[in-house]
Amino acid sequence: MNKLRSVAIVVIALLWLAPTYLILVNSFTATDDYDGTVAWFPRGTALLENMAAAMDAANLGPAMLHSLLYAVVAGVLAVLVAALAGFVLTVVPGRGKVFWFWLIYAGSLFPAQAFLRPLFTGYADTGLYNTHLGLYLIYIATCIPFSFFIVRNHMITLPREIAEAAQLDGAGWWTVFGRFYLPLSRSALAAAFIFQFVWVWNELLFGITLSYGEGVRPVMAALAGLQSTYGTVGPPVILAGALLVSLPTVIVFLAFQRVFASTLSTRI
Amino acid sequence: MTATTTRRGPGRQDLPRQPARRTRLASHPGRAPAPLTTRIAFLAPAAVLVMVLSLAPFVMTVWRSFFDDSLVDPHFNGWGSYARIITDPVIVRSLVNTFFWLIGTVAIPVGLGLAIAALTNSVSWGKYARLAIVMPYALSGTAVAVIWNFILRDDGALNGLLEGLGLGSLAHAWLLEWPANTIMLIVANSWQATGVAVILYLVGLQGVPRETIEAAALDGVAGVRRFFYIVFPQLRATTAVVMGISLANGLKSFDLIWVLTNGGPGRATETLAVSMYWQSFVLQRPGSGAAIAVILTVVVVAVSVGYLRRQLRTS
């Protein structure tokens, strides 16, 4: 029984590793050595050259820089904005909390396709189309609902005595938020940020719909563009490009596995 | 994976409605109420951004779906767009594919995720095997599409492998023939998405009380039977979460299909998420595009709400 279990685990793990292994092996093949067949064993050491060729062919460098900025800026701002809303809807007394919770949270229920075309025409009319600002705005807006959910769920577990004691000492709501709730929510804020960073970095749909220029488009749009040149630049370069743009999220994912696990179980 | 030390996310037990806390709030009459302007200042950035950039455009999509496809000066035609798309063979195929995706994206993550989590849970080296399965979750749909294109194209790795093994007769134009292409897309999606299910089931398994398993062992219930009679029923809440996440993600999945097949050939691998893009942005038929977007939204929200209510009940 235990032997059977071990065999099953090994088989499944190997099946899962096979695509990753193939990508690695083939992205090491120098373009000139690629003979149109799949390499099952390493045929070269040209990974870095292939990555450089991919950066060249699809202008991946600027695209990666843009996406890094989109992911960091949108992640930080969305989490802060979400924290403000989470705070007012958990700690500050007032009416209509359920309504506002659902209004903000609804943003994460709808698929992007549901609002894409009006967004596109709105962007075209206001000059936001193909601008950095336009992408920052949509990434912040789409990151808010889930960050809000995470941060709010954390703040609701904090003892309300904190706010009450601070208020007795004369602190206003902004002070209560900035001095107490924000620092006490550090872990939830970080979890939400990491999740949204990976989300924005991996995002394609808004990238190809709301931008086209190489000075604006995010990294996955650039990778999709590279993929469409399959015949001309050759598989090793394209696979190396896919590896290159996947590195940041894989590293983040491996470093913060625990955050992902705990955040996932609250994900809807 | 270091999931043995994983704790459950904070939010499971916290529901939007908190009657207990309301009464508690009311019992503190001494607390200073916040001025309305302060509350608005805290709430406005989130509410305005979400309203302006997703909710308002969503309402416009719903409204637009009742007009025809003219780009300038469209005419109101009631359910006309809906009637047209559900008689369009391409969209009917897309609906069929979406249904495949619904089945595939539930059955595979639930089945495999559960199996992998259960198999690796009590083996000391299990975490290394798990890592191999969980890691693709970090990849984008676009990167997954690039990888699987290399495997599935006519001269790709899978056909190469089959020929190398002397099974050349099984080689296939994987991406060119329906339904093989849709099935392979679901396989590629599962390769990426099963990791989530594994993580969630692992967290769930750690919540199963040891006593129930020990009691079953004393009664002589062992192995697979013990798992299905004792352990699995206690994972019901986890199964609901896994199904909800997998369904919602599968239905929304765009980048994998778009980059791998463009929805083709002949729009044969489209799901609703891709059809909307085709109708709205490639063919420039905003009325039909909006109608598809509305149908997709109804399906996604129905799935999410069913799962949400489940989650509310079980917690």
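So, here's what we can say about the structure. Note that this is a predicted model, so its numbers are computed, not measured.

## What about the overall build of chain B?
No. 1: If you tally the helices and strands in chain B, you get 14 helices and 0 strands.
No. 2: When the helices and strands of chain B are listed from N to C terminus, the series reads α-α-α-α-α-α-α-α-α-α-α-α-α-α.

## Points about the overall build of chain A
No. 1: Counting secondary structure elements, chain A contains 14 helices and 0 strands.
No. 2: Listing each helix as α and each strand as β along chain A from the N terminus yields α-α-α-α-α-α-α-α-α-α-α-α-α-α.
No. 3: By its C-alpha atoms, chain A is 75 × 65 × 30 Å across when sized along the principal axes.
No. 4: Out of the 268 residues in chain A, the part that is buried amounts to 60%.
No. 5: Across chain A, every contact between residues at least 6 apart in sequence was considered, and the portion connecting residues at least 24 apart equals 71%.
No. 6: The positive charge centre, built from 13 side chains, and the negative charge centre, built from 11, are 17 Å apart in chain A.

## Considering the interface of chain A and chain B
No. 1: The partner chain B presents 104 residues to the 99 residues of chain A that form the contact.
No. 2: The interface formed by chain A and chain B includes 0 salt bridges.
No. 3: Run the count over chain A and chain B and you get 10 residue pairs in polar contact (both at pLDDT 80 or more).
No. 4: With 14 residues, the single largest contributor to the side of chain A that touches chain B is helix 1 (residues 2–27) of chain A.
No. 5: Taken together, the residues of the side of chain A that touches chain B sort by class into 68 nonpolar, 21 polar and 10 charged.

## Looking at the side chain of His154 of chain A
No. 1: Looking at the secondary structure, you find His154 of chain A in helix 6 (residues 132–155).
No. 2: Dropping the residues within four chain positions of it, His154 of chain A is found in contact with Leu184, Ser185, Ser187 and Ala188 of chain A.

## Things to note about the nonpolar core
No. 1: Counting 181 residues, the largest nonpolar core has Phe87, Ile138 and Phe206 of chain A together with Trp148 of chain B as the members making the most contacts within it.
No. 2: Of the residues forming this core, the biggest block, 16 residues, is contributed by helix 3 (residues 60–90) of chain A.
No. 3: Look past the residues within four positions of Phe87 of chain A in its chain and what remains in contact with it is Val92, Met155, Trp173, Val176, Phe177 and Tyr181 of chain A together with Phe42 of chain B.

## Thoughts on the pattern of salt bridges
Residues and elements named next belong to chain B.
No. 1: Evaluated as defined, the whole model comprises 4 salt bridges over all chains.
No. 2: Among the salt bridges present, the one from Asp69 reaches Arg84, with a minimum N-O distance of 2.8 Å. With a gap of 15 residues between them, Asp69 in the loop between helix 2 (36–64) and helix 3 (80–85) and Arg84 in helix 3 connect regions that are remote in the sequence.
No. 3: Judged by relative accessible area, which is 36%, Arg84 ranks as partly exposed.

## Examining the packing of helix 6 of chain A against helix 2 of chain B
No. 1: Remark: helix 6 of chain A packs on helix 2 of chain B, axes separated minimally by 9 Å, with the N-to-C direction vectors making an angle of 115 degrees. One way to sum up the angle between helix 6 of chain A and helix 2 of chain B is to call them roughly perpendicular. For the pair helix 6 of chain A and helix 2 of chain B, the crossing hand works out as left-handed. On helix 2 of chain B, the residues touching Leu137, Ile138, Ile140, Ala141, Ile144 and Pro145 of chain A of helix 6 of chain A are Ala46, Leu49, Val50 and Leu53 of chain B.
No. 2: Class assignment for the residues of the contact of helix 6 of chain A with helix 2 of chain B results in 10 nonpolar, no polar and no charged.

## Here we look at the packing of aromatic side chains
All names here are of chain A.
No. 1: For the structure shown, the criterion picks out 41 aromatic pairs over all chains.
No. 2: Aromatic side chains Phe87 and Tyr181 sit 5.2 Å apart centroid to centroid with 65 degrees between the ring planes, which places their arrangement in the edge-to-face category. Of this pair, Phe87 sits in helix 3 while Tyr181 sits in helix 8 (residues 173–184), placing them 94 residues apart in sequence. In this pair, the class of Phe87 matches that of Tyr181, namely buried.

## As for the environment of Tyr212 of chain A
No. 1: As for its position among the elements, Tyr212 of chain A is in the loop between helix 10 (205–210) and helix 11 (219–227).
No. 2: Dropping the residues within four chain positions of it, Tyr212 of chain A is found in contact with Tyr129, Asn130 and Arg217 of chain A.

## Observations regarding the layout of surface pockets
No. 1: What the largest pocket holds in volume is close to 850 Å³.
No. 2: As for the largest pocket, its lining consists of 22 residues, and the residues nearest its centre are Arg5 of chain A together with Ala118, Ser122, Phe227 and Val231 of chain B.
No. 3: Elements that contribute at least two residues to the lining of the largest pocket include exactly helix 1 of chain A together with helix 4 (89–121), helix 8 (180–206), helix 9 (210–218) and helix 10 (223–231) of chain B.
No. 4: Here the residues of the lining of the largest pocket are counted per class, giving 13 nonpolar, 5 polar and 4 charged.
No. 5: For the second largest pocket, the calculated volume is near 510 Å³.
No. 6: Lining the second largest pocket are 21 residues; nearest its centre among them are Leu15, Trp16, Ala18 and Pro19 of chain A together with Trp148 of chain B.
No. 7: At the level of elements, helix 1 of chain A together with helix 4, helix 6 (141–152), helix 7 (157–164) and helix 8 of chain B are the ones that each hand at least two residues to the lining of the second largest pocket.

## Quick look at the environment of Arg95 of chain A
Residues and elements named next belong to chain A.
No. 1: Relative to the elements of secondary structure, Arg95 occurs in the loop between helix 3 and helix 4 (97–106).
No. 2: Residue Arg95 is classed as exposed on the basis of its relative accessible area, which comes to 73%.
No. 3: Once the C-alpha coordinates of Arg95 and Ile140 are considered, the two residues, 45 residues apart in sequence, prove to be 26 Å apart.

## Let's talk about a nonpolar patch on the surface
No. 1: Residues Tyr21, Trp40 and Phe41 of chain A together with Leu161, Leu165, Leu167 and Leu170 of chain B make up a contiguous nonpolar surface patch of roughly 690 Å² in combined accessible area.
No. 2: Topologically, Tyr21 of chain A is positioned in helix 1.

## Section: the packing of helix 1 of chain A against helix 13 (residues 235–255) of chain A
Residues and elements named next belong to chain A.
No. 1: Two elements in contact, helix 1 and helix 13, have axes whose closest approach is 8 Å; the angle formed by their N-to-C orientations is 120 degrees. When the interaxial angle is binned, helix 1 and helix 13 end up oblique. For helix 1 against helix 13, the interelement crossing comes out left-handed. Where helix 1 abuts helix 13, its residues Ile23, Leu24, Asn26 and Ser27 lie against Pro236, Leu239, Ala240 and Leu243.
No. 2: Grouping the constituent residues of the contact of helix 1 with helix 13 by class yields 6 nonpolar, 2 polar and no charged.

Conventions we followed
- Residues numbered from 1 in each chain as written.
- Chains lettered and ligands numbered in written order.
- Predicted model: local features only at pLDDT ≥ 70, side-chain atom pairs only at ≥ 80, totals over all residues.
- Heavy atoms only, no water.
- Helix = DSSP H or I, 4+ residues; strand = E, 2+ residues; numbered from the N terminus.
- Buried < 20%, exposed > 50% of the residue type's maximum accessible area, 1.4 Å probe, protein only.
- Contact = heavy atoms within 4.5 Å.
- Lys, Arg positive; Asp, Glu negative; His and termini not counted.
- Charge placed at Lys NZ, Arg CZ, Asp CG, Glu CD.
- Salt bridge = Lys/Arg side-chain N within 4 Å of Asp/Glu carboxyl O.
- Polar contact = N/O pair within 3.5 Å; in protein donor to acceptor, adjacent residues only side chain to side chain.
- Nonpolar A, V, L, I, M, F, W, Y, C, P; charged D, E, K, R; others polar.
- Core = buried A, V, L, I, M, F, W, Y, C linked by side-chain atoms within 4.5 Å.
- Axes fitted to C-alpha atoms, helices over the stretch in contact; angles between N-to-C directions.
- Parallel < 35°, antiparallel > 145°, perpendicular 65-115°, else oblique.
- Left-handed = near helix turned anticlockwise from the far one by under 90°.
- Phe/Tyr/Trp six-rings, centres within 6.5 Å; stacked < 30°, edge-to-face > 60°.
- 1 Å grid on protein atoms, 1.4 Å probe; cavity = no way out; pocket = protein on both sides within 12 Å on 5 of 7 lines; lining within 4 Å.
- Points joined across faces, edges and corners; volume = space filled by probe spheres on them.
- Patch = residues over 30% accessible without salt bridge, like charges linked within 9 Å, V, L, I, M, F, W, Y side chains within 5 Å.
- Areas by Shrake-Rupley, 256 points an atom, 1.4 Å probe, with all protein chains shown as cover.

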